[in-house]
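# Tertiary structure, described
Residue strings, one per chain:
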Amino acid sequence: MPPDATSLLTAQGVNAGYGTMQVLWGVDLDVRAGETVLLLGTNGAGKTTFLKSLVGLIEARHGNIRLGDADVTRMRSSERMRLGMTYMSELAVFPDLSIEENIRIGAQALGHPNPNINELYETFPVLREKRRAPASSLSGGQRKMLGIAKALAAEPRLLVMDEPSAGLSPLFVKEVIRILSDLRGRGLALLIAEQNIAFLEVASRVFVLEGGRIRFSGTVAEMTDNEALRKAYFGLK
Ligand code: ATP
């Protein structure tokens, strides 16, 4: 499929792996400006490997990655971040640093020395209360909030998130989904790798990754209409 004219991120034919092991086989995926895309797949499907190749933490051995007008395939991770792509890993925060230091680091990495911390605290009030405490003192759910706040401090155009539900109770998963819906409403583009289908609620399109290959891409409605996918994924939580 040719990239859409409004594509913010376009990956075409991406191969990647570790040593002699190839994990990704010709992965195509695109995210349009302001859109939320879910990359769905079970453990070991290659989601993390793909996200890392997008943001430049591992090399794409073949294929092409574009962000807006720029070909970023061979760019360093820091350059891709400067162009507006921010990565939130499963871990996402530095436990020994305070909440506020974590947020400032997220921004400083991109040359924004004075992030709008007050605005972030309005979205995440619990972080204001604990701003001088080390991130290690936060609960799992609060740490996830801090991870999102830290990523937002970099003022991305596209936020790339690896399993935001990891380690969270269903209640916190709901809270994360509520925050992501809010961010989507503000026009931020999101690419979310998940195995939890609860995130379909916030997505407009889905890519299903299996064994390092895209098995399906389409709208959420098209996915739920597909009987084989329904059977395969709708028992998954
Ligand atoms: P998970 O939800 O478990 O994180 P995933 O879909 O993100 O799964 P990946 O982490 O990308 O999958 O892993 C894909 C494959 O690559 C797996 O077989 C995994 O064992 C392997 N793999 C991942 N990281 C490395 C690494 N650093 N060195 C070698 N193999 C790796």
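The residue numbering used here restarts from 1 in each chain and proceeds along that chain's sequence as written. Under the rules for a predicted model, residues below a pLDDT of 70 receive no local features and side-chain atom pairs below 80 are neither given nor counted, while totals for whole chains, interfaces and linings still include all residues. Calculation of side-chain values draws on the structure's entire complement of heavy atoms; hydrogens and water are dropped beforehand.

## Digging into the overall build of the chain
The helix and strand labels rest on DSSP assignments: H or I over at least four residues marks a helix, E over at least two residues marks a strand, and numbering proceeds from the N terminus. Scanning the chain from terminus to terminus reveals 9 helices and 10 strands. For the chain, the spread of C-alpha atoms along the three principal axes comes to 45 × 40 × 35 Å. The classification of residues rests on relative accessible area computed with a 1.4 Å probe and restricted to protein chains. Under 20% of the type maximum is buried, over 50% is exposed, and intermediate values are partly exposed. Per-residue burial for the chain yields a buried fraction of 51% across its 237 residues. To measure how exposed things are, a 1.4 Å probe is used in the Shrake-Rupley method; for residues, cover is taken only from the protein chains shown. Of the roughly 10,900 Å² of accessible surface on the chain, 51% is carried by carbon and sulfur atoms. Looking at the chain, you have 28 positive and 26 negative side-chain charges, and the mean spots of the two groups are 3 Å apart. Under the convention used here, Asp and Glu are negative, Lys and Arg are positive, and both His and the chain ends fall outside the count. Throughout, a charge is located at the NZ atom of Lys, the CZ atom of Arg, the CG atom of Asp or the CD atom of Glu.

## Things to note about the packing of helix α6 (residues 140–153) against helix α7 (residues 170–185)
In this analysis an axis means a line fitted to C-alpha atoms, helices contributing only their contacting stretch, and an angle means the value between N-to-C directions, from 0 to 180 degrees. Look at α6 against α7: their axes get within 10 Å of each other, and the N-to-C directions meet at 20 degrees. Classed by the angle they form, the pair α6 and α7 counts as roughly parallel. In this structure, the crossing between α6 and α7 has a hand that is right-handed. Side by side, α6 and α7 meet where Gly141, Gln142, Lys144, Met145, Ile148 and Leu152 of the first sit next to Phe172, Glu175, Val176, Ile179 and Leu183 of the second. Throughout, the term roughly parallel applies to angles under 35 degrees, roughly antiparallel to angles over 145, roughly perpendicular to angles from 65 to 115, and oblique to all others. Helix crossings are classified by the rotation of the near helix relative to the far one: an anticlockwise turn of less than a right angle makes the crossing left-handed, while a clockwise turn makes it right-handed. It only takes one pair of heavy atoms within 4.5 Å for two residues to be counted as in contact.

## Let's talk about the site of the ligand
A single heavy atom is enough: if one lies within 4 Å of a molecule or strand, its residue is considered near that molecule or strand. Around the ligand, 13 residues are found, and the nearest of them are Gly44, Lys47, Thr48, Thr49 and Glu163. As used in this structure description, the phrase polar contact means that two N or O atoms lie within 3.5 Å; if the pair is within protein, one of them must be able to donate a hydrogen and the other to accept it, and residues adjacent in sequence are counted only when both atoms belong to side chains. Between the ligand and Tyr18 there is a distance of 3.5 Å, counted from a nitrogen atom to a side-chain nitrogen or oxygen. Contact between the ligand and Glu163: an oxygen atom at 2.8 Å from a side-chain N or O atom of the residue. Protein chains bury 59% of the 630 Å² of accessible surface belonging to the ligand in isolation. The set of elements that each furnish at least two residues to the shell around the ligand consists of β2 (21–32) and α1 (47–55). At 3 residues, the largest contribution of residues to the shell around the ligand is made by α1. In terms of residue class, the shell around the ligand is made up of 4 nonpolar, 7 polar and 2 charged. Residues are grouped as follows: Ala, Val, Leu, Ile, Met, Phe, Trp, Tyr, Cys and Pro are nonpolar; Asp, Glu, Lys and Arg are charged; all remaining types, including Gly, are polar.

## Observations regarding α7
Any helix carries an expected span of 1.5 Å times its number of residues minus one. With 16 residues, α7 extends 23 Å from end C-alpha to end C-alpha; this agrees with the ideal 22 Å at 1.5 Å per step. Its buried side turned inward, α7 meets α6, β7 (158–162) and β8 (189–194). Trailing α7 by a residue or two, Gly187 shows a phi angle of about 95 degrees, which is positive.

## Concerning the sheet that holds strand β6 (residues 85–88)
One open sheet holds the 6 strands; their spatial order is β6-β7-β8-β3-β9-β10, and the pairing between them is mixed. The sheet is open, and its two edges are formed by β6 and β10 (213–219), each paired on a single side. For this sheet, the mean inter-axis angle between neighbouring strands, taken without regard to orientation, is 15 degrees. In terms of strand pairing, strand β3 (residues 36–40) meets strand β9 (residues 205–210) through 4 bridges, oriented parallel. Note on β9: the bridge partner recorded for Leu39 is Phe207. Against the sheet, α1 makes contact with β3, β6, β7, β8 and β9, and its axis sits at roughly 150 degrees relative to β6, the strand it touches most. When DSSP finds two or more bridges between a pair of strands, those strands are recorded as paired.

## Quick look at the nonpolar core
Take the buried residues of types Ala, Val, Leu, Ile, Met, Phe, Trp, Tyr and Cys, join any two whose side-chain atoms come within 4.5 Å, and each joined set is a nonpolar core. Membership of the largest hydrophobic core comes to 46 residues, with the highest contact counts inside it found for Ile103, Leu180, Val206 and Met223. For this core, the leading source of residues is α6, giving 7 residues. When sequence neighbours within four positions are dropped, the list of residues in contact with Leu180 reads Met161, Leu190, Ile192, Phe199 and Val202. With 31 residues, the next largest nonpolar core counts Leu8, Val31, Val72 and Leu209 among its residues.

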